Amino acid sequence: MNPALETIKERGFLQQCTDLEGLSKRMDEGPVTFYIGCDPTGPSLHIGHMVPFFALRHLRDAGHVGIALLGGGTARIGDPSGKTETRKMISYEAIDANAELFRKQLDRFVGFDGKTSFSANNKDWLADLNYIDFLRDIGSHFSVNRMLSFEAYKARMETGLSFVEFNYQLLQSYDFLELYRRHGCRLQIGGDDQWGNIVAGMELIRRVEGAEVFGLTFPLVMTHDGKKMGKTEKGALFLDPAMTTPYDFFQYWRNVSDADVLKFLLMFTFLPAAECRALAAPGRDINAAKERLAWEVTALIHGTEEADKALSGAKAAFGGGGDRSSMPTAELSRARFEAGYPVLDLFVDAGLAPTKSEARRLVQQGGAFVADAAWKDEKAPVGAGLLDPDGELVLRAGKKRYCRIVAK
RNA sequence: GGGGAGAUUCCCGAGUGGUCAAAGGGGGCAGACUGUAAAUCUGUUGGCUAUGCCUUCGAAGGUUCAAAUCCUUCUCUCCCCA
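Residues numbered from 1 in each chain as written. Chains lettered and ligands numbered in written order. Predicted model: local features only at pLDDT ≥ 70, side-chain atom pairs only at ≥ 80, totals over all residues. Heavy atoms only, no water.

A. How the structure looks around the overall build of chain A. Assigned secondary structure in chain A consists of 19 helices and 15 strands. Within chain A, buried positions represent 50% of all 408 residues. About 19100 Å² of surface is accessible on chain A, with carbon and sulfur atoms providing 50% of the total. For chain A, the separation between the mean place of its 50 positive charges and that of its 54 negative charges on side chains is 3 Å. (Helix = DSSP H or I, 4+ residues; strand = E, 2+ residues; numbered from the N terminus. Buried < 20%, exposed > 50% of the residue type's maximum accessible area, 1.4 Å probe, protein only. Areas by Shrake-Rupley, 256 points an atom, 1.4 Å probe, with all protein chains shown as cover. Lys, Arg positive; Asp, Glu negative; His and termini not counted. Charge placed at Lys NZ, Arg CZ, Asp CG, Glu CD.)

B. Broad picture of the sheet that holds strand 9 (residues 329-332). Taken together, the five strands give an open sheet; going across it, the order is 9-15-14-11-12, and neighbouring strands pair in mixed fashion. In this open sheet, the two edge strands, each paired with only one partner strand, are strand 9 and strand 12 (373-374). With four bridges joining them, strand 9 and strand 15 (residues 401-407) adopt parallel strand pairing. Bridging across to strand 15, Leu332 finds its partner in Ala407. (Pairing = 2+ DSSP bridges.)

C. View of the protein's contact with RNA strand B. Surveying the vicinity of RNA strand B reveals 29 residues, the closest of which are Asn255, Asp258, Ser357, Arg360 and Arg361. Here the atoms of RNA strand B within 4 Å of the protein split so that 67% fall in sugar or phosphate, with bases taking the remainder. Gln365 places a polar main-chain atom, nitrogen or oxygen, 2.9 Å from a sugar or linking oxygen of RNA strand B. Looking at the surface near RNA strand B, the elements that each hand over two or more residues are helix 12 (246-254), helix 15 (286-302) and helix 19 (356-364). Sorting elements by how many residues they give to the surface near RNA strand B places helix 19 first, with six residues. Looking at the surface near RNA strand B residue by residue, the class counts come to seven nonpolar, ten polar and twelve charged. (Near = heavy atom within 4 Å. Polar contact = N/O pair within 3.5 Å; in protein donor to acceptor, adjacent residues only side chain to side chain. Nonpolar A, V, L, I, M, F, W, Y, C, P; charged D, E, K, R; others polar.)

D. Region of the structure containing helix 4 (residues 92-110). Over its 19 residues, helix 4 extends 26 Å from the first C-alpha to the last, a length consistent with the 27 Å expected when each residue adds 1.5 Å. Among the residues of helix 4, Ile95, Asn98, Ala99, Phe102, Gln105, Leu106, Phe109 and Val110 are the ones counted as buried. Seen along its axis, helix 4 keeps its buried residues to an arc of 135 degrees; they face one direction. Opposite its buried face, helix 4 presents the exposed residues Glu93, Lys104 and Arg108, each directed more than 90 degrees away. (Expected span 1.5 Å × (residues − 1). Arc of directions from axis to C-beta.)

E. Molecular detail of unusual backbone geometry. A positive phi angle, near 50 degrees, is found at Ala371, a position not held by glycine. Looking at where Ala371 falls in the secondary structure, it is placed in the loop between strand 11 (368-370) and strand 12. Look at Asp372: it is not a glycine, yet its phi comes out positive at around 75 degrees. Here Asp372 shows up in the loop between strand 11 and strand 12.

F. Highlighting the environment of Glu93. Relative to the helices and strands, Glu93 is located in helix 4. With a relative accessible area of 61%, Glu93 lands in the exposed category. Along the chain, Glu93 and Gln172 lie 79 residues apart, while their C-alpha atoms are 21 Å from each other.

See the structure below:
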């Protein structure tokens, strides 16, 4: 098999391929142009979006040409694949703004050079489509019977599917065709929920252009206990540091299940596969492997400096040395400590509890720690005497949530 | 266009005049056990100036001493027929 494909497979990115042998042969012959689509439906990419882009880098590094297609046009109607209900419509302005944010984040991760990797936006050819022409030229190639047999639509037959969403597949197929015409794109890669759309695009190109193109999907990445990877209590694991801090991002990886460590090392880092396997080998310190995983992924997304800081902050919090100033920090008024800071307010102000009732529960259940000692009395105020000489104080909620307070 | 069913707290879902901040499950949080893992067990899960007060059962009105529960209008969803 083609070495680039071998890498993809070895690292766990290969779920299905329309013609593995044919694709392999094609890739042996020379650079293949491929694309990944991604609809800008929110203000930031999250880690779940990134799986195909890790693959893009592997393929790109093997000499192939990757296109990141922003779905500025398709986001206007919403993809029903893998969803159980209609997504809310987003304003055109918001989509355009999101697309630009996505493009910047992707540029940072992929490094678009305009030759071996670049971005495109399907708004450029979808926004001004003529309905009649589109039906005539594209729509006539689609069979409703066939579309209804696709798993992506089947699931929605129960809950309802609007006509608009039903057309998503046509637009995505048209994207593939357009990229084939403009850039000679011969391969579309994406999550396994895109299989139906990818195959449809492939068939459209065969009918219209008589050309053979390929599709390849990645497994839907689940944690070993069956949850969607990258989902936290607070929502997804975002790339935007303002939405998910590098520290929290780091902690997510530091806390993955033992059973997921190897899989995540292979998929979300660029460490050689042999090294990944060695790190996660039985008998090796699994926590060291998690720490490495966390550092590597954080460094890829936020840079090595932020990764170092997150690691250092985590070590300080969990008692492994490190630098306390890298811990999550909140600045509070010194005067309030001098007046006696009500504990409940303190935990709320530090961001460790969303409401005072939650803070109260925390204290009552023995999960509130001030300077490493459990605080038992919800009524007792925290005085300035507990601040260390630097005017600092470490609070902890439960076992893992830390906040360093700096009194000013 | 006609007929029917429904909208409950983060999610699913019970509740059909006071005993309802609302059963049960899921999820979350906390405790125990641990390795910042998993599994398991226990507790907890609207807010607050707190033995009480305020907000919440699709929206707005109304009946009543008292409404998630009854009436009116509206919005939305689903199903059947055309």
